[in-house]
Amino acid sequence: MYVTYGVIMGTGFSLAYTPSLVILSHYFKKKMGLVNGLVTTGSAIFTIVLPMMMRMIQDRYGLQRTLQFLGVLIFILIPCACVYTPLIGDEITRQSLDSKRMKRRKKIDCGVWRIRDFVIWAISTPISLFGYFVPFVHLVNHTNIILPDANAEVLIALMGATSGLGRLIFGPVSDLPSVNPLRLQQVSFLVIGVISTLLPVCTKFYMLAAGVCVMGVFDGCFVSMMGPVAYNVVGKDRMGQALGYVLGLMSIPMMVGPPIAGIIFSHTGSYEFAFYYAGAPPIIGACILFLVRPSRDVIPGRLDDEDPLDKCRDYDKKMKLDGTIDSSDSSISIGKHAYGNESFASEKIREDSTLLLVTDKVSVV
């Protein structure tokens, strides 16, 4: 079971999850938040439905039939993955992809780690998730201890339902021109951390229910923002690498967090300090995200600008096509822009040119 259900199935899920997010950037550019919210809502629905179905099948047919049912359900991923066909819009993009395939055969591209804001995001996200699974794993036992007559499983169902609701709400919200998905994810970390630290003081069932509902909504926000944030930080061409790196780093704290909380409970006899421990990392991670430079926040509504070069988010190709830009000046360099948003750099160039023109006229006067 450790090898098959644990290692093999976990590896398969990791290989299936990242492409399901990356492929969206090939079909959608203006509504990344909405489509990510719709796609990730499925996991929230199955968080509620699948445990009940598996428990019912196991009680009636046994463990073997339950695992066979789960295998058939997972097999549906294969025909779904067959429709994942990247779209190639123009000749420039086709040549860019061909050249990148040749380079990747020789070495692994680690260019995303030279993007400052990606490094900050890749550090803050795993830190924030050290206590992520603690409420999912230990909240039922905590509720059974303080409220023996309560139906503790309902809390997990509420968290899954509100998580799906949060994905449907915050997905379209992140597509608004004045909203940045990175800031939404930052707020979600902060709220999840605060609610986790408040769980020990919730001594009534309705207080726990209200807390997990709020936590679930912002958990949905966090999950649905993974794709849009990666797209905005590194661009479409490097989105797969960025998500792969971040999801790989996330797996370590998400796996380690619940056992640590269990050890704390074993030594203290209470989940109070365990939930304090679970709430601290998300708050710390939200604070780390303040290091991302505000002047380079990308507005999702402007990613697909009128500039035809914006349709090809290959940085090297962009620099070759626009030879008039001095790459040594970071204030106007398109290739060095942390989020890969060329439209932002073009606007910056126009603003600097206007400022120089006005300054020159003033000096003449």
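Participant: Can you lay out the pattern of salt bridges for me, pointing to particular residues and giving the numbers?
Facilitator: By the definition in use, this model includes two salt bridges. Between Arg116 and Asp117 there is a salt bridge, and its shortest N-O distance comes to 3.4 Å. By relative accessible area, Arg116 is classed as partly exposed at 38%. For Arg167, the salt bridge identified is with Asp219, shortest N-O distance 3.9 Å. Placement of the pair is Arg167 in helix H9 (residues 153–174) and Asp219 in helix H11 (residues 205–224), with a sequence separation of 52 residues. Each of the two residues, Arg167 as well as Asp219, counts as buried.

Participant: I'd love a proper account of helix H10 (residues 181–198), names of residues and values included.
Facilitator: For H10, with 18 residues, the first-to-last C-alpha span of 26 Å sits near the 26 Å given by 1.5 Å per residue. One side-chain oxygen at the N-terminal end of H10 lies 2.8 Å from the backbone nitrogen of Leu182; it belongs to Asn180.

Participant: Explain the environment of Arg167 to me, using residue names and the numbers behind them.
Facilitator: Looking at Arg167, the relative accessible area reads 6%, which means it is buried. Residues Arg167 and Asp219, spaced 52 residues apart in sequence, show a C-alpha to C-alpha distance of 8.2 Å. Excluding anything up to four places from it in sequence, Arg167 contacts Gly37, Thr40, Thr41, Ser43, Ala44, Pro172, Asp219, Gly220, Val223 and Ser224.

Participant: I'd like a description of the packing of helix H12 (residues 226–234) against helix H13 (residues 239–268), backed by residues and values.
Facilitator: Packed helices, taken two at a time, are described by the angle between their axes plus the distance between the axes. The N-to-C vectors of H12 and H13 enclose an angle of 125°; their axes lie 9 Å apart at closest approach. Classified by the angle between their axes, H12 and H13 sit oblique to one another. The chirality of how H12 crosses H13 is right-handed. Note on element contacts: H13 touches H12 through Met239, Ala242, Leu243, Val246, Leu247 and Met250, opposite Met226, Gly227, Ala230, Tyr231 and Val234. For the contact of H12 with H13, a count of residues per class yields ten nonpolar, one polar and no charged.

Participant: Describe the nonpolar core, naming the residues involved and giving the relevant values.
Facilitator: In terms of nonpolar packing, the biggest core is built from 59 residues, with Phe118, Trp121, Phe222, Met226 and Met250 touching the most fellow members. Considering each element in turn, this core owes the most residues, nine residues, to H11. Leave out the neighbours within four places in its chain, and Phe118 touches Val112, Trp113, Val233, Val234, Ala242, Tyr245 and Val246.

Participant: Go over the side chain of Thr125, please, and point to the residues and values.
Facilitator: On the secondary structure map, Thr125 appears in helix H7 (residues 116–128). Judged by its relative accessible area of 0%, Thr125 falls in the buried class. Within the structure, the side chain of Thr125 is placed 2.9 Å from the backbone oxygen of Trp121, a separation counted as a polar contact.

Participant: Summarise the packing of aromatic side chains; cite the residues concerned and give the values.
Facilitator: A complete count under the given rule lists twelve aromatic pairs for this structure. For the pair Trp113 and Tyr245, a centre-to-centre distance of 5.3 Å together with 55° between the ring planes defines the contact as tilted. With Trp113 in the loop between helix H6 (91–106) and H7 and Tyr245 in helix H13, this pair connects stretches of sequence that are 132 residues apart. Residue Trp113 is classed as partly exposed on the basis of its relative accessible area of 34%. Relative accessible area serves as the criterion here: at 24%, Tyr245 is assigned to the partly exposed category. Judged by centre distance (5.1 Å) and plane angle (70°), the rings of Tyr132 and Phe133 are edge-to-face. For Tyr132, a relative accessible area of 13% gives the class buried. Under the relative-accessibility criterion, Phe133 is labelled partly exposed at 31%.

Cut-offs and rules
- Numbers given for residues are sequential positions, taken from 1 along each chain in its written order.
- The model is predicted, so local features are restricted to residues of pLDDT at least 70 and side-chain atom pairs to those at 80 or more, both for listing and for counting; the totals for chains, interfaces and linings are taken over all residues.
- Processing note: side-chain calculations cover all non-hydrogen atoms of the structure and skip hydrogens and water entirely.
- Here a salt bridge means any side-chain nitrogen of Lys or Arg lying within 4 Å of a carboxyl oxygen belonging to Asp or Glu.
- Under the scheme applied here, a residue whose accessible area is under 20% of the maximum for its type counts as buried, over 50% as exposed, and between as partly exposed, the area being computed with a 1.4 Å probe on protein chains only.
- Numbering goes from the N terminus for both helices and strands, where a helix is a DSSP run of H or I of at least four residues and a strand is a run of E of at least two.
- In this analysis, the expected span of each helix is defined as 1.5 Å times one less than the number of residues it contains.
- Throughout this description, a polar contact denotes any pair of N or O atoms lying within 3.5 Å of each other; where both atoms belong to protein, one of them has to be capable of donating a hydrogen while the other can accept it, and for residues adjacent in sequence the pair is counted only when both atoms sit in side chains.
- Only heavy atoms enter the contact rule, under which two residues are in contact if any of them lie within 4.5 Å.
- For helices, the fitted line uses only the C-alpha atoms of the stretch in contact; every axis is such a line through C-alpha atoms, and the angle between N-to-C directions lies from 0 to 180 degrees.
- Between 65 and 115 degrees an angle is taken as roughly perpendicular, under 35 as roughly parallel, over 145 as roughly antiparallel, and anywhere else as oblique.
- The crossing is said to be left-handed when, going from far helix to near helix, the turn is anticlockwise and less than a right angle, and right-handed when the turn is clockwise.
- Residue polarity follows a fixed list, in which Ala, Val, Leu, Ile, Met, Phe, Trp, Tyr, Cys and Pro are nonpolar, Asp, Glu, Lys and Arg are charged, and the others, Gly among them, are polar.
- Within this scheme, the nonpolar core is defined by two criteria: the residues are buried Ala, Val, Leu, Ile, Met, Phe, Trp, Tyr or Cys, and they are joined through side-chain atoms within 4.5 Å.
- Think of it this way: a Phe, Tyr or Trp ring, Trp meaning its six-membered ring, pairs with another when their centres are within 6.5 Å, and the plane angle makes it stacked under 30 degrees, edge-to-face over 60, tilted otherwise.

Purely geometric stuff here, so don't read any function into it on its own.
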